[in-house]
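Here is how the chains run, residue by residue.
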Amino acid sequence: MDITKFVVSHRERALLYGDYSTYQNQLSKKLLNCRKKLSIATKKRGTFHPRTQVTAEQIAEDHGYLQLQLLTAERTWANAMAVKAAHSVETKGIGGKTRSHIVSRLEKGAQTSEQLAEVLTQTESGASSVDILEARAYAALLRGAALFEKQHWEPCLRSYSVARIIYSALSTSTKGDIYKDLLSETIDPSIRYAAYQAKIPRTQPIAEIALKYFQHVGPELAARIEKQNPSVLQHGDADAKQGAGAAPATLTWRGREVNIEDAAIAIAWATVGTEKEKLADKLLSTGSLLPRELAGAYDDILVASQDTVDATKQAIDELKSEGVTQSDTRMQSLQITRTAVNYEMISWRIGRNRVLIGQDDGVRVDLGASVRKKKQQAQTEEASEDKGKDLTPGRQIAKLKEKVVLYDGILQSLDSIKELPGVANDQKLSTQLEATSQYFTALKCFAISRSHAIAGNAVNALALVKHALDQCNAAYPVLSGDSDDGKFAPRNIQVTNQHAGLLRDILSGELQRSRALVEIHHSNKPTSASQTGGAGKPLSSQLLNYPAGGANLNNIVTYPPELEPIPVKPLFLDVAWNYIEYPAKQRQAAVVQERSKEPEREAEPETKPQKRGWFGFGR
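Residues numbered from 1 in each chain as written. Predicted model: local features only at pLDDT ≥ 70, side-chain atom pairs only at ≥ 80, totals over all residues. Heavy atoms only, no water.

Asks: Outline the overall build of the protein chain, listing residues and values.
Replies: Within the protein chain, the regular secondary structure consists of 21 helices and 2 strands. Expressed as a percentage of the 619 residues in the protein chain, the buried residues total 38%. Residue pairs in contact within the protein chain that sit at least 24 positions apart in sequence constitute 69% of those at least 6 positions apart. In the form shown here, the protein chain has an accessible surface area of approximately 38,300 Å², with 52% of it arising from carbon and sulfur atoms. (Helix = DSSP H or I, 4+ residues; strand = E, 2+ residues; numbered from the N terminus. Buried < 20%, exposed > 50% of the residue type's maximum accessible area, 1.4 Å probe, protein only. Contact = heavy atoms within 4.5 Å. Areas by Shrake-Rupley, 256 points an atom, 1.4 Å probe, with all protein chains shown as cover.)

Asks: Let's hear about the pairing of strand β1 (residues 250-253): which residues, and what values?
Replies: In β1, alternate side chains face the same way, and those of L251 and W253 are buried while those of T250 and T252 on the opposite face are not. Here β1 runs beside strand β2 (residues 256-259); their pairing, made up of 4 bridges, is antiparallel. Bridge pairing in β2 places L251 opposite V258. Between β1 and β2, which pair antiparallel one after the other, the connecting turn spans 2 residues, and R254 there sits at a positive phi close to 55 degrees. (Pairing = 2+ DSSP bridges.)

Asks: Please give an account of a negative patch on the surface that cites residues and values.
Replies: Residues E12, D177, D181 and E185 make up a contiguous surface patch of negative charge. Per-element accounting of the negative patch gives the leading share, 3 residues, to helix α8 (residues 176-197). On the secondary structure map, D177 appears in helix α8. We classify D177 as exposed; its relative accessible area is 58%. (Patch = residues over 30% accessible without salt bridge, like charges linked within 9 Å, V, L, I, M, F, W, Y side chains within 5 Å. Salt bridge = Lys/Arg side-chain N within 4 Å of Asp/Glu carboxyl O. Lys, Arg positive; Asp, Glu negative; His and termini not counted. Charge placed at Lys NZ, Arg CZ, Asp CG, Glu CD.)

Asks: I'd like a rundown of the pattern of salt bridges, residues and numbers included.
Replies: Overall, the coordinates contain 19 salt bridges when judged by the stated rule. Put simply, D188 and R164 hold a salt bridge, and the shortest N to O gap is 2.7 Å. Of the two residues, D188 sits in helix α8 while R164 sits in helix α7 (residues 153-170), which places them 24 residues apart along the sequence. We note that D188, like R164, is buried. Look at the salt bridges and you will find they share partners, linking E107, E114, R143 and K150 into a network.

Asks: Explain the nonpolar core to me, using residue names and the numbers behind them.
Replies: L120 and Y167 are the most contacted members of the largest nonpolar core, which has 73 residues in total. Looking at this core, the element that brings in the most residues is helix α6 (residues 129-150), giving 12 residues. Those residues in contact with Y167, other than ones at most four positions away along the chain, are T4, A137, Y138, Y179, L182, L183 and I187. By size, the runner-up hydrophobic cluster in this structure holds 60 residues, among which are W269, I357, C445 and V495. (Core = buried A, V, L, I, M, F, W, Y, C linked by side-chain atoms within 4.5 Å.)

Asks: Got a sec to walk through the packing of helix α2 (residues 20-38) against helix α4 (residues 64-87)? Specific residues and values, please.
Replies: Their axes nearest at 8 Å, the elements α2 and α4 cross at an angle of 160 degrees. Here α2 lies roughly antiparallel to α4, going by the angle between them. Both α2 and α4 take part in a crossing whose hand is left-handed. (Axes fitted to C-alpha atoms, helices over the stretch in contact; angles between N-to-C directions. Parallel < 35°, antiparallel > 145°, perpendicular 65-115°, else oblique. Left-handed = near helix turned anticlockwise from the far one by under 90°.)

Asks: Break down the packing of aromatic side chains for me, citing the residues and quoting the values.
Replies: What the rule picks out here adds up to 9 aromatic pairs. Clustering of aromatic rings is evident, with ring pairs tying together Y20, Y23 and W77. Over the ring of F446 we find R450; its NZ or CZ atom is 3.9 Å from the centre of that ring. Over the ring of Y476 we find R504, and its NZ or CZ is 4.0 Å from the ring centre. (Phe/Tyr/Trp six-rings, centres within 6.5 Å; stacked < 30°, edge-to-face > 60°. Lys NZ or Arg CZ within 6 Å of the ring centre and 35° of its normal.)

Asks: I'd like to hear about the confidence of the model for the protein chain, residue by residue, with values.
Replies: Chain-level pLDDT for the protein chain is 80 on average; 80% of the residues reach the 70-or-more range. At the level of individual helices and strands, the protein chain shows its lowest average pLDDT in helix α16 (residues 380-387), which scores 41, and its highest in helix α18 (residues 427-455), which scores 91. Within the model, pLDDT remains below 50 along residues 368-389, and this stretch shows 15 contacts once partners closer than five positions in the same chain are excluded. (pLDDT = per-residue confidence, 0-100.)

Asks: Can you lay out the side chain of E107 for me, pointing to particular residues and giving the numbers?
Replies: Position of E107 relative to the elements: it lies in helix α5 (residues 96-120). Here the side chain of E107 touches K150 through a polar contact of 2.8 Å, side chain to side chain. The contact partners of E107, leaving out residues within four places of it in the chain, are R143, A146 and K150. (Polar contact = N/O pair within 3.5 Å; in protein donor to acceptor, adjacent residues only side chain to side chain.)

Asks: Account for the packing of α6 against helix α10 (residues 219-228), with residues named and values stated.
Replies: One way to put it is that α6 packs onto α10 with a least axis distance of 11 Å and a crossing angle of 120 degrees. Considering their axes alone, α6 and α10 lie oblique with respect to each other. Of the two possible hands of crossing, α6 and α10 adopt the one that is left-handed. The segment α6 lies against α10, with S129, V130, I132, L133 and R136 engaging L221, R224, I225 and Q228.

This is how it looks when you write it as structure tokens:
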């Protein structure tokens, strides 16, 4: 029957391009069409007959009667939401008459859905156990909305708890995304607000609240839920990996311990610890994997840490909306928690990038061979053939560019850590972050220098290696204090002295190698010039270039001069033309002076034509 899918799809389709009023109008048209199909619509100018209640036999015969009840309940809900949305913008809020109208509409919808759920429990309806649970959850959802508007918080929690437990039990099915969206967007926020109004502490998780208020239901519904998913009645949530008692009550950050007062933060932080253990076990159990496969193992812990960050931000926003100041102990504890969980999330993000870079953070370059791993047909002969194939210089530079992008991402993540609250005041942490940033800057410069060496720019490669070694030497005294205890741990922001020492040793050898290459490059320049016997461009045409290997005095100018192309019409911009007396200009000035001295001739009066009479005769 797909009751939940029918309701959710109609809401999403209508609210995507319109509002609740549009949804109400659409439901009215669909109701009329549904009545016409069932031949129960009142004709024009016909006598109205009161509608009888839908029976189980009618639903078993035609599912249109089921849709008729759902559309009726949905129209009342849409009407209530339209009125509420229209009056929510008013400064005075929703008045008494308006609220009573909203409550009456929701009450009617709740009664219709409850009657439908009662009919479906009969065996004659042919409804399955999932259909009965969905009908009960939908009825509890509308009843909870009506009690929410009445501001009856205890009964509201009982109704929403029934809906949450049922949807949590059904979320493991193939349509689990629909139920999870209802839980996260509608039910959980309503339970949290009603619990706040009922003076329930925030440390109590929503799943525990729902399980507590679910105890009043009958054994029949509990049996159906236990048959669908037994773990829900034990933990209150289908995805609950730990009970409420396993959630940590405190959080330690840089030697300071704070209490976790929000239940959502405690559960999310416990999930991070569980995922951390799973990640370590997964990396230990698996053999040699490609970097992309290793990075994929970090997805779960990144999602868990991001959920913790979101829960902390939501808790801070709720306290701010309540008018809690920054000096309050709750707000200060949340700020410390925010810094800790953000540091944890960014640390795992950096670890994922380090895994993508390769072994030893990309210090040892492996660009000579390419091993193609095929999932379906992995033959050792093909792998051995591929190992002998060297990559072209263009492919090697492209791989180094990918590593530089990952190094840039790590450096940006380190900069974001420095902006977290309280980090700048921690001198030891700031020094460690600066040393870590210098370590990854050295790796980035080392990768760029390798690309210059492949391209043949030995001088640029030497300068970059020297800068990388300086950065590594500056970071090594700080990083040398972080020793590796021998216990395996997934990659994160922590850089041990083994990594820093390996990078320093390799950079020292690479610096000597680059100096030798530059010396060979410079020593070959004068030899090639002497072999040409002074041929090439003369020294007079290269005055802007500094002769690193010495000036070639055997080729100063070209003699005898050779025929060279010049511009046909050169452009001269002489700004002093008007201030220099040229001979040609003096002659023109003398001619102009002589003409000006000549006496001007008197202007002769114009001779006017003589007037004549008629037919040309004079007067």
